[in-house]
Amino acid sequence: MDLDVLPPELTWNILENLTDLKDRKNASLVCKAWNRMLFNSSKSLRNVRVRFCLRPTALDGLEPNEILDRMFEVMFRSKRNYVTVEFFHINFERLLARDFLFFVVQLCCDTIECVRFTNCYGLKRSELWQLLSLLGNLRELVVSGGIKYDELDQEVVKLPLLEKLTLDIGDDCRLYRDFPSQAPNLKCFSVRTIYGCADLRDVTITRSFSHQLNSLSFSTNRSYNYSEFSEMNFTNLTKLDLKVSGSLWPQLFKQTKLIQSLKLEANINDDIIATICTTCTKIKTLTLFCSNLIESIKFNMLTRLENLEQLSVRGIHKFSWRHISFPKLKSLHLDNVGNDFTNFLKDLKALESLEIHDTKLRNEQLIKITLNAPTVRRLELAFCTKISDKGFKHLSDMVGLEELRLWAIQVSKTIDERLLCPRLRKIILYFNDNIEDCTLEGLAKRIPQLQQLVLYDCYRMSPQGVVKLRQVLPNCHVLELYRGDELPPVLSGETQIYYRNAEYPNGVLKQELPFQWF
């Protein structure tokens, strides 16, 4: 069919159904009209993030001003209405960088809905608010990096559509107070301070603001007393991520009855656990990271959380697994556990992901895990130094295992002989001194269906072994290596491999949807 004979509205509707970014890019090369249809509407660009970075790469050795000149040239030619714009590691003390920032914002001010400043510095408070005053459709703002609080009398404008706000801008409380009062429809708020001089009363304007939040993330190195939280109204909160250096208070959780996702990193005690289990019964995701090793007596009260799907525990060294039942639990993360939990896994009929870190896990216990958790699809073991190849030969009992991650576990170079899992598709080996070329050959031979393979700091492999591995694993979508060698020339044309080292930390080859490490 000749698409030229169709009405433009029908052609537009057909092209709008191209959801894959790669397909959109290919179709945009047909003609200028298609390019405009595919990349000139805010709807089609909603899933595209344009990132501007001034870091000179090791490949071309350009100076920052030369990179800025190239950016100006590209944006002058671009007529695309970008929705999400990110400025990455940029020093705005450079006059040209500041000019470029204002140019981009003015060019796309009608369509920008999300602006991110990631690890940028040199930007002044007055300049930031000048930019925000141009963005009438702004819905999300992320500011990470230093902002100078200048004394200019810059008007702080209302941000009526802003729903998500993330701030990590130092410890000047005046900057934190600027934002929340200007965002009457804010729903998701994340704030992090280094030294902890800001508190929740500074940044949330007490009851007039906290009641409208459904997501709050607050991270600081400071400890607090209950009076600093007493005026908060978190009755509509569904997600809370709280990290403080001191203790928490049971009273804080008595008003969070709607909470579904809770992550705590602080001094946690049995009173906190008991209050959560009594009042926050709708929780689906629970993370308890205790600052110190404790022994819990009331841990088995967690069985009251009937909707729990994800549980992560760290620092609660000893607790009883008796009388605990999680019928809906899909993901379990255990870090530094002192007592045996392997028999408990029998009752987790829905478990799909299991992570065990820094635990004196032995081969006998690993064998029990393979027998008691056959439904697990993702298994991660980290710094469990008592395990050897003997335990891994029973992985074949986990008939549904699709992903295996081994962090700093010294399996031998013949580990491939034990990985007889028919559905295994993804393997990550991290910090291993025994993996050699013969191991790679064995993996390719026994698991030809492998789709993702990550080899991190396995230095006994040779570049030649990597080249051969790539040839015999044609179905491997991502092959990612972290080494100190240079990229073998024979792999320079590959599009599905990342090869990283200190000189090229972001990889020298690209991929549309790169695998993200951990």
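Conventions adopted
Residues numbered from 1 in each chain as written. Predicted model: local features only at pLDDT ≥ 70, side-chain atom pairs only at ≥ 80, totals over all residues. Heavy atoms only, no water. Helix = DSSP H or I, 4+ residues; strand = E, 2+ residues; numbered from the N terminus. Pairing = 2+ DSSP bridges. Axes fitted to C-alpha atoms, helices over the stretch in contact; angles between N-to-C directions. Parallel < 35°, antiparallel > 145°, perpendicular 65-115°, else oblique. Left-handed = near helix turned anticlockwise from the far one by under 90°. Contact = heavy atoms within 4.5 Å. Nonpolar A, V, L, I, M, F, W, Y, C, P; charged D, E, K, R; others polar. Disulfide = S-S within 2.5 Å. Buried < 20%, exposed > 50% of the residue type's maximum accessible area, 1.4 Å probe, protein only.

### Some details on unusual backbone geometry
The bulk of non-glycine residues show a negative phi, and the bulk of peptide bonds are trans. Even without glycine at this site, Ala408 takes up a positive phi of about 55 degrees. Assignment of secondary structure puts Ala408 in the loop between strand E17 (403-407) and strand E18 (426-430). Unusually for a residue other than glycine, Phe431 sits at a positive phi of about 55 degrees. Its location among the elements puts Phe431 in the loop between E18 and helix H13 (437-446).

### Points about the pairing of strand E13 (residues 310-318)
The pairing of strand E12 (residues 285-295) with E13 spans seven bridges and is parallel. Counted as the bridge partner of Ile294 is Ile316 from E13. In this sheet, strand E14 (residues 331-335) lies alongside E13 in parallel orientation, the contact comprising five bridges. Across the sheet, residue Gln310 finds its bridge partner in E14, namely Ser331.

### Considering the packing of helix H5 (residues 95-107) against helix H6 (residues 125-132)
Taken N-terminus to C-terminus, the directions of H5 and H6 make an angle of 20 degrees; their axes are 10 Å apart at the nearest point. The angle between the axes of H5 and H6 places the two elements in the roughly parallel class. Handedness of the crossing formed by H5 with H6: right-handed. Taken together, the residues of H6 that come into contact with H5 (itself represented by Arg98, Leu101, Phe102 and Val105) are Glu127, Gln130 and Leu131. Residues belonging to the contact of H5 with H6 are distributed by class as follows: four nonpolar, one polar and two charged.

### Regarding the state of the cysteines
Following the criterion strictly, the structure yields zero disulfides and no others. Cysteine Cys277 remains unbridged, with the sulfur of Cys280 as its closest cysteine sulfur at 8.7 Å. A relative accessible area of 1% means that Cys277 is categorised as buried.

### Brief notes about the environment of Lys257
With respect to the element layout, Lys257 can be found in the loop between strand E10 (239-247) and strand E11 (261-267). Sequence separation between Lys257 and Thr235 is 22 residues; the distance between their C-alpha atoms is 6.9 Å.

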